[in-house]
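Below, each chain spelled out in residue letters.
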Amino acid sequence: MNDESSLIRRAVALHDNDAFSTLVKMHQGRVRAFLVRLCKQYDVADDLAQETFINAFRKLSSYKGSGCFSGWLYRIAYHCFLQHRRSVSRRLQVTDDYSGQLEVLSDSYDSISTEQMDMEQALAQLKPDETATITLCHSYGFSHQEVSDILKMPLGSVKSNISRGKTKLRKILTRESTQEQRLEKAS
Amino acid sequence: MNNNSGFDPLDRMLAQPALIADKGFSERVGSKLGTGISLRDKLFAGAGVFWLTLIVAVVSPQAVYEDLYSLAAMVDFSEQLNLLSTQIRSIDYTSLQSMDYTVLQSSSIGLLVAAMSIAAVFSLLSRN
């Protein structure tokens, strides 16, 4: 009886800590990966992920069960990220340090291939709205309408962010592979 | 959920996201769930306890109970509403000093505030 719906029922109806902890275990990998992509800083993403789950536990009574539970979690995570972004005065920037961050991060992932590492680096160069929409739609399998509901973003903006982001990703990945080919030829 | 078929290489790469390993994260969150009382909750509870202490220090709990009981029996809401409407009608806006200002006795108001505080503390305790 440890399937997600029964755990959610127990957590919502009884405010059961154990049931919610199991839900945290089930969802933490994706929620933290989502926040790392948005924040580009592992420590900040980890703090925001904790905040996300604690807020989710406190707001369990507001979860109506009408939508997907993971979608509800991503909405809280995105809200935490937006609050964090407002609170820091400087704009989030992709710096050279991020490649260093990714090396640190590679130890934190369950397992990460070179291809996935390249993708994470490429995603780090997008705007947060583009990263969020692409991650939810293409990496986590939500529909455009679901992403629109989760991020509270108009459907048209979701589609344009995905389209713009994917165009940028293609350019970045093509540029990087061309550079690698040149390096191989030179050596 | 999105069920795209016929992925292009970019979609294929995006569909295989790297996930973060737990490494004690769930336990850290779990340990915070049990003690997740916010500063606002603590302040609210503290204010409630302060009120209760103040009431017990000033008057005995038995007296508080008797006062609340007699207050509940005494209050005639229709009379209070009539009094309020009369007062509003009688306000002379040209001079604040000309107001015929009679209100409930201050002790009754204090007891009302105390009763609200008790209710607030009980609601907080039942929530946690």
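Keep in mind the model is a prediction, meaning the values are calculated, not measured. (Residues numbered from 1 in each chain as written. Chains lettered and ligands numbered in written order. Predicted model: local features only at pLDDT ≥ 70, side-chain atom pairs only at ≥ 80, totals over all residues. Heavy atoms only, no water.)

Trainee: Which parts of the structure should I look at to understand the overall build of chain B?
Mentor: The secondary structure content of chain B amounts to 6 helices and 0 strands. Residues classed as buried in chain B amount to 21% of the 128 residues present. Surface accessibility of chain B: about 9300 Å² in total, with carbon and sulfur atoms responsible for 65%. (Helix = DSSP H or I, 4+ residues; strand = E, 2+ residues; numbered from the N terminus. Buried < 20%, exposed > 50% of the residue type's maximum accessible area, 1.4 Å probe, protein only. Areas by Shrake-Rupley, 256 points an atom, 1.4 Å probe, with all protein chains shown as cover.)

Trainee: How should the overall build of chain A be read in this particular structure?
Mentor: Helices and strands together make up the secondary structure of chain A, namely 9 helices and 0 strands. For chain A, the succession of helices and strands along the chain, N to C, is α-α-α-α-α-α-α-α-α. Across chain A, every contact between residues at least 6 apart in sequence was considered, and the portion connecting residues at least 24 apart equals 63%. Carbon together with sulfur atoms contributes 48% to the accessible area of chain A, which is approximately 9600 Å² in total. (Contact = heavy atoms within 4.5 Å.)

Trainee: It is not clear to me how the interface of chain A and chain B should be interpreted in this structure. Could you clarify?
Mentor: Interface size is often expressed as the accessible area that is lost when the parts come together. Listed as interface residues are 46 residues of chain A and, on the opposing side, 30 residues of chain B. Carbon and sulfur atoms supply 59% of the area that chain A and chain B bury against each other, a total of about 3300 Å² over both sides. The three residues of chain A that bury the most area against chain B are Gln50(A), Glu115(A) and His138(A), which together make up 16% of that side's buried surface. Viewed at the interface, chain B and chain A are joined by 5 salt bridges. Residue Arg170(A) pairs with Asp8(B) through a salt bridge whose shortest N-O separation is 2.3 Å. (Buried area = accessible area lost by both parts, 1.4 Å probe. Salt bridge = Lys/Arg side-chain N within 4 Å of Asp/Glu carboxyl O.)

Trainee: When you look at the nonpolar core in this model, what are you seeing that I'm missing?
Mentor: Across soluble globular proteins, you tend to see nonpolar side chains buried next to one another. In terms of nonpolar packing, the biggest core is built from 63 residues, with Phe20(A), Phe34(A), Leu35(A), Tyr78(A), Leu136(A) and Leu169(A) touching the most fellow members. Ranked by the residues each element gives to this core, the list is headed by helix H2 (residues 17-39) of chain A, at 11 residues. With sequence-adjacent residues up to four places away left out, Phe20(A) is seen in contact with Ala11(A), Phe53(A), Ala56(A), Phe57(A), Leu60(A), Phe69(A) and Leu33(B). (Core = buried A, V, L, I, M, F, W, Y, C linked by side-chain atoms within 4.5 Å.)

Trainee: Is there a simple way to explain unusual backbone geometry in this structure?
Mentor: What you tend to see is this: most non-glycine residues have negative phi, and most peptide bonds are trans. Positive phi, close to 65°, is recorded for Lys40(A), a residue that is not glycine. For Lys40(A), a relative accessible area of 8% puts it in the buried group. Here the phi dihedral of Lys23(B) falls at roughly 45°; this positive angle occurs in a residue that is not glycine. On the secondary structure map, Lys23(B) appears in the loop between helix H1 (9-14) and helix H2 (25-34). The exposure class of Lys23(B) is exposed, given its relative accessible area of 59%.

Trainee: Quick question: what am I supposed to make of the packing of aromatic side chains here?
Mentor: What characterises a pair of aromatic rings is the spacing of the ring centres plus the angle enclosed by the ring planes. If you walk through the whole model with that rule in mind, you get 9 aromatic pairs over all chains. What links up through ring pairs into an aromatic cluster is the set Phe34(A), Tyr74(A), Tyr140(A) and Phe142(A). (Phe/Tyr/Trp six-rings, centres within 6.5 Å; stacked < 30°, edge-to-face > 60°.)

Trainee: What's the story with H2(A) in this structure? I'm lost.
Mentor: One turn of an α-helix holds 3.6 residues; hence residues three or four places apart share an orientation. Residue and element names in this part refer to chain A. Compared with the 33 Å implied by 1.5 Å per residue over 23 residues, the 28 Å span of H2 between its first and last C-alpha is markedly short. Residue His27 marks the point of greatest curvature in H2, where the axis turns by about 55°. Most of H2 sits inside the fold, with 17 of its 23 residues counted as buried. Capping the start of H2 is the job of one residue whose side-chain oxygen sits 2.9 Å from the backbone nitrogen of Asp18: Asp16. The positive-phi residue at the C-terminal boundary of H2 is Lys40, with phi of around 65°. (Expected span 1.5 Å × (residues − 1). Bend = angle between axes of the 7 residues up to and from the residue. Polar contact = N/O pair within 3.5 Å; in protein donor to acceptor, adjacent residues only side chain to side chain.)

Trainee: Would you explain the pattern of salt bridges in this entry?
Mentor: Working definition: two side chains of opposite charge can pair if their charged atoms are close together. As enumerated under the stated definition, the model contains 10 salt bridges over all chains in all. Lys168(A) serves as the salt-bridge partner of Glu130(A), at 3.0 Å between the closest nitrogen and oxygen. Separated by 38 residues along the polypeptide, Glu130(A) in helix H7 (residues 128-139) and Lys168(A) in helix H9 (residues 155-186) bring together distant segments of the chain. The class of Lys168(A) is partly exposed, set by a relative accessible area of 28%. Within this structure, Arg32(A), Asp46(A) and Arg28(B) form a network of salt bridges that share partners.

Trainee: Can you help me understand the confidence of the model for chain B in this one?
Mentor: Residues and elements named next belong to chain B. On average, chain B scores 71 in pLDDT, and the residues at 70 or more come to 63%. Here helix H6 (residues 106-127) stands out as the element of chain B with the lowest mean pLDDT, 69, in contrast to H1, whose mean of 88 is the highest. Across residues 1-6, confidence stays below pLDDT 50; counting only partners more than four residues off in sequence or on other chains, it has 11 contacts. Across the interfaces of the predicted complex, the ipTM metric reaches 0.77, alongside a pTM of 0.64. (pLDDT = per-residue confidence, 0-100.)

Trainee: Honestly, a nonpolar patch on the surface in this entry has me stumped. Any pointers?
Mentor: All names here are of chain B. A cluster of nonpolar side chains, Phe50, Trp51, Leu54, Val58 and Val113, forms an exposed patch at the surface whose accessible area comes to about 460 Å². Element by element, the count of residues in the nonpolar patch is highest for helix H3 (residues 39-58), at 4 residues. Tracing the sequence through the fold places Trp51 in helix H3. Since its relative accessible area comes to 32%, Trp51 is described here as partly exposed. (Patch = residues over 30% accessible without salt bridge, like charges linked within 9 Å, V, L, I, M, F, W, Y side chains within 5 Å.)

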